[in-house]
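Notes for the structure review
Residues per chain are reported as follows:
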Amino acid sequence: MNTEEKKSSSILEAKAIGHRALNTLTKSRNKAVVQGVFDHAFYIGDGGDILIKVIANKEFISPTSIVLEKPGGLSFKSVNIKEGMEIILNENKLGIEENGFLINLENASTWYPPKLSELYTDLSLEEINLNLRVLQDVIYTCPSREGLIPLSENLELYGPMEIFLKEQEPTVSGKARPHIERLMWGLFYGELETITENAESILGLGPGLTPSCDDFLAGLILSLNTGAQIIDKNETTPISFFKKASEEIARLAKNKTTIYSISFLNEAALGEGPEAALDLISGIITKNADHVANVAKTLIGMGETSGADISIGICYGIRFLISRIELRELNETA
């Protein structure tokens, strides 16, 4: 690289760094590599299961993200970052020697996901169900009809028997729906094999960098792992089962889908994820409908269909948790 090229190199300030990203960078004494480059993000990997995502929108921060000071309309592709380039961590700086690109980490705050297990709710089941309906209404506003969005539109229309009576539609949602319904039955009856068989059938299915069904599964297991700790604190057995099922789904993903999804599902299995998704989960269970609408709109804005597909997974997860409580209360009054 000549002197003129170096003068035009990009030097950006990191505003925040997720705790897992920081831990990965601290432990990784070797050179990491650019795994993928897109207009609004690029990914860094060191050969492990965790990918670090460099972004500019703090609303989408996660434990594995680095958030930069907003660089205006900067596209990461415009600064000549390319897949395969080596990343070097040196003295709180993340750099690419090949093109002079540099991220200063020195002033970045460390971001930890909120501890949802410390939250309590005084909402009734009716209020939580209302919040779920608000979420569905927001999902409908997503301009795309790809991915699993039609699944949400039909959520109240299909009964369990129709899975077997209706012919599958040649769409992502049509192909996924029977497996998702059987997966939910597996959760209900505590059948790990049913869960894993049907999760494996849809892993990698759908459009997107993280395919639609992967986003759904991440939203589902994230909401089960965190939501249950708010509304079902004393039920330790299902919480342990959700964690085990999540870990199995994340394990299966390694041979079924993209490296981006693998990282995302591993994170969700730990009960961690993007701030926007965690805000939505806690909002549905502890806040009013206006708050849910606002945070849902934020999450829906993530990617082409990713935010909507994650939201549908969250909707299924919270709906499932509520159904368990409703059934338990019905049995107690019988």
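Residues numbered from 1 in each chain as written. Predicted model: local features only at pLDDT ≥ 70, side-chain atom pairs only at ≥ 80, totals over all residues. Heavy atoms only, no water.

Quick notes on the confidence of the model for the protein chain
Looking at the protein chain, the pLDDT average stands at 87 and 90% of residues meet or exceed 70. In this model, residues 1-8 is a region of pLDDT below 50 whose contacts with residues beyond four sequence positions or in other chains number 6 contacts. (pLDDT = per-residue confidence, 0-100. Contact = heavy atoms within 4.5 Å.)

Details of the pairing of strand E4 (residues 51-55)
For a regular strand, the rule is simple: side chains alternate between the two faces of the sheet. Counting buried positions along E4 yields 4 of 5 residues, so the element is predominantly enclosed. Where strand E3 (residues 41-45) and E4 come together, 5 bridges link them in antiparallel fashion. By the bridge assignment, Ile44 is partnered in E4 with Ile52. Following E3, the chain reverses through 5 residues before pairing antiparallel with E4; Gly47 in that reversal takes a positive phi of roughly 100°. In this structure, E4 lies alongside strand E5 (residues 65-68), joined through 3 bridges in parallel fashion. Its bridge partner being in E5, Lys53 is matched across the sheet by Ser65. (Buried < 20%, exposed > 50% of the residue type's maximum accessible area, 1.4 Å probe, protein only. Helix = DSSP H or I, 4+ residues; strand = E, 2+ residues; numbered from the N terminus. Pairing = 2+ DSSP bridges.)

Considering the packing of helix H9 (residues 236-253) against helix H10 (residues 259-269)
Two elements in contact, H9 and H10, have axes whose closest approach is 9 Å; the angle formed by their N-to-C orientations is 165°. The pairing of H9 with H10 is recorded here as roughly antiparallel in orientation. In this structure, the crossing between H9 and H10 has a hand that is left-handed. Touching Ser246, Glu247, Ala250 and Ala253 of H9 are Ile262, Leu265, Asn266 and Ala269, all from H10. (Axes fitted to C-alpha atoms, helices over the stretch in contact; angles between N-to-C directions. Parallel < 35°, antiparallel > 145°, perpendicular 65-115°, else oblique. Left-handed = near helix turned anticlockwise from the far one by under 90°.)

So, unusual backbone geometry
For Asn80, which is not a glycine, the phi torsion comes out positive at approximately 65°. As for its position among the elements, Asn80 is in the loop between E5 and strand E6 (86-89).

Here we look at the packing of helix H11 (residues 275-286) against helix H12 (residues 289-300)
At a minimum axis distance of 9 Å, the contact between H11 and H12 shows a crossing angle of 160°. Classified by the interaxial angle, the pair formed by H11 and H12 is roughly antiparallel. Crossing of H11 over H12 shows left-handed handedness. Along its contact with H11, which presents Ala276, Ala277, Asp279, Leu280, Gly283 and Ile284, the element H12 presents His291, Val292, Val295, Ala296, Thr298 and Leu299.

Topic: H11
Compared with an ideal rise of 1.5 Å per residue, which puts 12 residues at 16 Å, H11 spans 16 Å between its outermost C-alpha atoms and is within 8% of the ideal. For H11, the tally of buried residues reaches 10 of 12 residues, placing the bulk of the element in the interior. Those residues of H11 not exposed but buried are Ala276, Ala277, Leu278, Leu280, Ile281, Ser282, Gly283, Ile284, Ile285 and Thr286. The inward-facing, buried residues of H11 contact helix H3 (125-140), helix H8 (212-231), H12 and helix H13 (306-333). (Expected span 1.5 Å × (residues − 1).)

Describing the side chain of Glu272
Tracing the backbone shows Glu272 in the loop between H10 and H11. Glu272 gets classed as buried once you look at its relative accessible area, which sits at 10%. With residues up to four places along the chain from it excluded, the contact list for Glu272 reads His19, Arg20, Pro63, Pro113, Leu222 and Glu267.

Some remarks on the side chain of Ser282
Relative to the assigned elements, Ser282 resides in helix H11. With a relative accessible area of 11%, Ser282 lands in the buried category. Reaching out from Ser282, the side chain makes a polar contact with the backbone oxygen of Asp279 at a distance of 3.2 Å. (Polar contact = N/O pair within 3.5 Å; in protein donor to acceptor, adjacent residues only side chain to side chain.)

As for the pattern of salt bridges
Evaluation of the coordinates by the stated rule reveals 3 salt bridges. A salt bridge links Glu272 to Arg20; its shortest N-O distance comes to 2.6 Å. Taken together, the positions of Glu272 in the loop between H10 and H11 and Arg20 in helix H2 (residues 19-27) put the pair 252 residues apart, joining distant regions of the chain. A relative accessible area of 24% means that Arg20 is categorised as partly exposed. The salt bridge involving Glu247 is made with Lys243; its shortest N-O contact spans 2.4 Å. Here Glu247 and its partner Lys243 are both found in helix H9, 4 residues apart, which amounts to about one turn of the helix. Among the residues examined, Glu247 registers a relative accessible area of 37% and is labelled partly exposed. (Salt bridge = Lys/Arg side-chain N within 4 Å of Asp/Glu carboxyl O.)

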